[in-house]
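Here is what each chain is made of, one letter per residue.
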Amino acid sequence: MPPATVHLVIPCYQESGRIGPFLTELCEVTHQLGAVTVQVVEDGSDSAEAARMRGIITPLCHQYEHLLPPLFLPQNLGKGGAVYAGWDQAPPVDWLAFVDADGSCSATEVAHLIRKARQQPAPLTAIFASRWDQTSTKVQRQWKRRLMGRIFGTLVSTLLHIPIHDSQCGLKLVPRSAYQRIAPNLRILGFAFDVELLAALHDSGCEFEEVSIAWHETPGGHVHLIRDSIRMARDVLAIRKRRAHKK
Ligand SMILES: Nc1nc2c(ncn2[C@@H]2O[C@H](COP(=O)(O)OP(=O)(O)O)[C@@H](O)[C@H]2O)c(=O)[nH]1
Ligand SMILES: [Mg+2]
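Right, let's walk through the structure included here. Everything numeric in this text was worked out from a predicted model, so none of it was measured.

A short note on the nonpolar core
Part 1: Residues Ile-10, Leu-23, Leu-26, Val-99 and Leu-173 are the most contacted members of the largest nonpolar core, which totals 40 residues.
Part 2: Looking at this core, the elements that each hand over two or more residues are strand 1 (6-12), helix 1 (19-33), strand 2 (36-42), helix 2 (47-63), strand 4 (95-99), helix 4 (107-119), strand 5 (126-130) and strand 7 (171-175).
Part 3: With residues up to four places along the chain from it excluded, the contact list for Leu-23 reads Ile-10, Val-38, Val-40, Ile-57, Leu-60 and Leu-67.
Part 4: Judged by nonpolar contacts, the second largest core, of 39 residues, contains Leu-73, Tyr-179, Val-195 and Leu-198.

Following this line, the structure appears as structure tokens:
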């Protein structure tokens, strides 16, 4: 049987300084795997940044056929908006996936999760990479981010009654059929989009599996610990409210 097909999106905002080596490695690893398409979605950075991204991606597109031309969004939508824009234009694959641009999660881990997805019997289960194994030396994060991640994970699982430890890890794979069922109801385009995605998948009957991965935090992240955590907590409350209305 041919392997299940995967479309992997890399959401990018002001990432030209970080993405080069990771994208090259990712192209190589996914080329070896086969049946994977990769696409960068540039999330409405300025025109100078768009030109820098073109300069990095165009030569790689010549080298790797499965690296699709990047998608340039006319305005900044937020991480979720960039991921969904890529997924909505994906070829008719079995799996939709995204990975953060900074290489905190290595290309090897991406390959590991794609292989895992391909081994699944039906019905397919969404795969959420996770840094929850706090004792693991495989997970290198600043203590502040580790702590905020813990608090946020507890908030999500308590308020939404969904047993998850790390809803925010930057690598996820979702069966395309499950995404298509829930896509019209997804509203959150910022950093909490994964929480809404998780809740919608769960409510639609698509199970998820949290898979522990290695994570090496890359400097230069754009997430503002306090400001974005407050916004994300507000989004979680909004998700909870909307769910309560539906039930
Ligand atoms: N900050 C930010 N990141 C975005 C946006 N759209 C897409 N992203 C991507 O979201 C991913 C995670 O961001 P990152 O800065 O690594 O987060 P951090 O490491 O948690 O601080 C990266 O691939 C970003 O390029 C956006 O509007 N703002
Ligand atoms: Mg990061």
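Having seen it, we continue.
Focus: the side chain of Glu-196
Part 1: Along the chain, Glu-196 falls in helix 7 (residues 193-203).
Part 2: Once residues within four sequence positions are removed from consideration, Glu-196 is found in contact with Asn-185, Leu-186, Arg-187, Ile-188, Ile-239 and Arg-242.

Regarding the environment of Phe-22
Part 1: The residue Phe-22 is located in helix 1 in this model.
Part 2: Given the relative accessible area of 6%, Phe-22 is considered buried.
Part 3: Sequence separation between Phe-22 and Glu-210 is 188 residues; the distance between their C-alpha atoms is 23 Å.
Part 4: Not counting residues up to four positions away in its chain, the partners in contact with Phe-22 are Val-99, Asp-100, Ala-101, Gly-103, Cys-105, Ser-106 and Ala-107.

What counts, and at which threshold
- Residues numbered from 1 in each chain as written.
- Chains lettered and ligands numbered in written order.
- Predicted model: local features only at pLDDT ≥ 70, side-chain atom pairs only at ≥ 80, totals over all residues.
- Heavy atoms only, no water.
- Core = buried A, V, L, I, M, F, W, Y, C linked by side-chain atoms within 4.5 Å.
- Buried < 20%, exposed > 50% of the residue type's maximum accessible area, 1.4 Å probe, protein only.
- Helix = DSSP H or I, 4+ residues; strand = E, 2+ residues; numbered from the N terminus.
- Contact = heavy atoms within 4.5 Å.

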